[in-house]
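# An overview of the molecular structure
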Amino acid sequence: MTPTESILTITIFFPLAGVLALLVLGKEKTQAIKLVGLLTSTLTFGLSLVLFFQFDSAVSGFQFRQQVPWIEGLNISYHVGIDGMSLLLLLLTALLTPLALLGTWNSVQHRLKEYTIMMLLLEVGMTGVFAALDLFLFYVFWEAMLIPMYFIIGIWGGPEKVYAAVKFFLFTLFGSLLMLVAILALGYFASTLPGKMFTTDLLELYDLAAQIPLGLQTWMFLAFALSFAIKVPLFPFHTWLPDAHVQAPTAGSVILAGVLLKMGTYGFVRFCLPLFTEASIKFIPALSILAVIGIVYGGLVAMVQTDMKKLVAYSSVSHLDFVVLGIFS
C-alpha cells in the first residue's frame, strides 16, 4: 500500500513517532523534548493539510478509506475514512495540539517528558475517533483518548486535580461502557438478518439501520446518546466539566473546549441520527428541552464567574447545548 493510499492512517498515528523519539531522550534534555513534541504535532498538522487539499468536496461519501482485517472471527476491521465533517474536526485537532503545546512551553516543568508523551498520545486518540468507520475501532479510540487526558489533569492540574481527573474518567467511562454493550448488540442484530453476519462496520450498519425495530432502536439510542450527552456535556450531565476545566493545565483546557466536547455532538450526527433515526425523532422533545435548559443555565452561571476557566467551562455547556438543539431541530 502506497503512502498516498494510507495518508489518513499515517496522519492518525504519526504522533507515535514523536512518542518513540521521546522515549529515548533523557528527562534532563528539556529543550529537545519540547522541540520534538512541537515538531511532531506540527508535522501532523501538515499531514492534515495534505488531506484537506486532496479532499474532493464534489464527491459524496467517505474518502481516503482504508480497511484491513483485524478481529476476523467477529468481522471487525481496521476501517478508517473521512467525509467533510470529520475532515474539518481532524484538521481542528491537528491545529490545536501544537498550539496547546506552545501554550504550556514554559509553564510545565514537572515531568515534562511524560507530559509531552501524553499530549501526543491524546492526539492519536482524538484523530482516530474522527476517522474510525468501524464501531469497535471507534470505541477503542474513544477509550484510549481518556487515559492521557486523565493523566494530564491528574498530574499536571491544579490543587484539586485528582478529584477532577477521577470524576472526568468515571463519568466518561460509565457512558462508554453502555455504548460498548449497544455496539455488540448492534453487531449481533446484524447477524440475525438473512445472509448477514456479525459486524461492527459502520457503512454496513448504515445499510441495515432501517430494519432495526423501534424498541431495539430506543435502547441502543439511549446507550449511545448517554455517552455522547456526557461528552457534550448536555445538561444535567455537565457537572464533570467545570472541575476538569479549572483543574486541567492550560493545554488540557484548550483540548477539552476545542476538541473533546465536539466529539459528543459529532457522535450524535455520525451514529445516533443515521443508525437510530426513528428513535432520534422520538427523543427530539426530551433532548431539545434539556438543551434549552443547558443553554440558559450555562449562560447565566457563566455570567457570574470570576475564574476565566470556569467561565469558559459554563459557556461551553451553553454553546454546545446550542449545537445539540440545532442537531435535533
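Everything that follows concerns the structure shown earlier in this document.
Residues numbered from 1 in each chain as written. Predicted model: local features only at pLDDT ≥ 70, side-chain atom pairs only at ≥ 80, totals over all residues. Heavy atoms only, no water.

Attention shifts here to empty space enclosed by the protein. Scanning the entire structure with this criterion turns up one cavity of 30 Å³ or more. Considering only enclosed or pocket space, the largest cavity measures out at about 60 Å³ in volume. Secondary-structure elements contributing two or more residues to the lining of the largest cavity are α3 (30–54) and α5 (112–131). Per-class residue counts for the lining of the largest cavity are five nonpolar, three polar and one charged. (1 Å grid on protein atoms, 1.4 Å probe; cavity = no way out; pocket = protein on both sides within 12 Å on 5 of 7 lines; lining within 4 Å. Points joined across faces, edges and corners; volume = space filled by probe spheres on them. Helix = DSSP H or I, 4+ residues; strand = E, 2+ residues; numbered from the N terminus. Nonpolar A, V, L, I, M, F, W, Y, C, P; charged D, E, K, R; others polar.)

What follows concerns the layout of surface pockets. Think of a ball as big as a water molecule: rolled over the atoms, this probe shows where empty space is left. In this structure, the largest pocket encloses a volume near 150 Å³. Around the largest pocket, the lining residues are F221, L222, A225, L226, A229, L234, F237, F283, A286, L287 and L290. For the lining of the largest pocket, the elements supplying multiple residues, two or more each, are α9 (214–231) and α13 (284–303). The dominant element in the lining of the largest pocket, judged by the number of residues it contributes, is α9, at five residues. Of the residues belonging to the lining of the largest pocket, the class tally is 11 nonpolar, no polar and no charged.

Our next topic: the packing of helix α7 (residues 161–191) against helix α10 (residues 240–247). Any two packed helices are characterised by how steeply their axes cross, that is the angle between the axes, and by the distance between the axes. Where α7 meets α10, the axes come as close as 9 Å, and the angle between the chain directions of the two elements is 135 degrees. On the basis of the axis angle, α7 is oblique to α10. As α7 packs across α10, the resulting crossing turns out to be left-handed. Counting all contacts with α7, which are made through K161, Y163, A164, K167, F168 and F171, the residues of α10 involved are W240, D243, A244 and Q247. (Axes fitted to C-alpha atoms, helices over the stretch in contact; angles between N-to-C directions. Parallel < 35°, antiparallel > 145°, perpendicular 65-115°, else oblique. Left-handed = near helix turned anticlockwise from the far one by under 90°. Contact = heavy atoms within 4.5 Å.)

This brings us to the pairing of strand β2 (residues 76–82). Regular strands place side chains that alternate from one sheet face to the opposite one. A large share of β2 lies buried, amounting to seven of its seven residues. The alternating pattern of β2 places I76, Y78, V80 and I82 on one face and S77, H79 and G81 on the opposite face, and all of these are buried. Here strand β1 (residues 63–71) hands over to β2 after four residues, with N75 in that stretch at a positive phi of 60 degrees. (Buried < 20%, exposed > 50% of the residue type's maximum accessible area, 1.4 Å probe, protein only. Pairing = 2+ DSSP bridges.)

Turning next to the pairing of β1. The pairing of β1 with β2 spans six bridges and is antiparallel. Considered in β2, the bridge of Q66 is made with V80.

Where α5 contacts helix α6 (residues 135–156), the two axes come as close as 8 Å, and the packing angle between them is 155 degrees. Taken together, α5 and α6 sit at an angle that is classed as roughly antiparallel. Here the hand of the crossing between α5 and α6 comes out left-handed. When α5 is examined against α6, the residues E114, Y115, M118, M119, L121, L122, V124, G125, M126, G128 and V129 are found in contact with a partner set consisting of F138, F141, W142, M145, P148, M149, F151, I152 and W156. The residue makeup of the contact of α5 with α6, split by class, is 17 nonpolar, two polar and one charged.

Positionally, I289 belongs in helix α13. Looking at I289, the relative accessible area reads 53%, which means it is exposed.

A few words now on the pattern of salt bridges. For the coordinates displayed, the defined rule picks out two salt bridges. Of the charged contacts, one joins R270 and D83 as a salt bridge, the two residues approaching to 2.7 Å between their closest N and O atoms. Separated by 187 residues along the polypeptide, R270 in helix α11 (residues 250–275) and D83 in the loop between β2 and α4 (84–103) bring together distant segments of the chain. Given the relative accessible area of 5%, R270 is considered buried. Taking the shortest distance from any N to any O, the salt bridge between D243 and K167 comes out at 2.9 Å. Placement of the pair is D243 in helix α10 and K167 in helix α7, with a sequence separation of 76 residues. (Salt bridge = Lys/Arg side-chain N within 4 Å of Asp/Glu carboxyl O.)

An ideal rise of 1.5 Å per residue puts 26 Å on 18 residues; α9 measures up with 25 Å between its terminal C-alpha atoms. Burial of α9 is extensive: 13 of the 18 residues sit out of reach of the surface. (Expected span 1.5 Å × (residues − 1).)

Below, the discussion takes up a nonpolar patch on the surface. Where nonpolar side chains cluster on the molecular surface, the patch consists of V292, V296, L300, M303 and V304 and spans about 510 Å² of accessible area. Secondary-structure assignment places V292 in helix α13. Looking at V292, the relative accessible area reads 40%, which means it is partly exposed. (Patch = residues over 30% accessible without salt bridge, like charges linked within 9 Å, V, L, I, M, F, W, Y side chains within 5 Å. Areas by Shrake-Rupley, 256 points an atom, 1.4 Å probe, with all protein chains shown as cover.)

Glancing now at α13. Taking 1.5 Å per residue as the helical rise, α13 with its 20 residues ought to reach 28 Å, and the 28 Å between its terminal C-alpha atoms agrees with that figure. Within the sequence span of α13, burial applies to L287, S288, A291, G294, I295, G298, V301 and A302. For α13, the elements touching its buried residues are α9 and α14 (308–328).

Mapped onto the fold, I71 is located in strand β1. Residue class for I71 comes out partly exposed when judged on its relative accessible area of 30%. Between the C-alpha atom of I71 and that of A94, which follows or precedes it by 23 residues, the distance is 29 Å. When residues no more than four places from it in sequence are discounted, the contact partners of I71 are I76 and F136.

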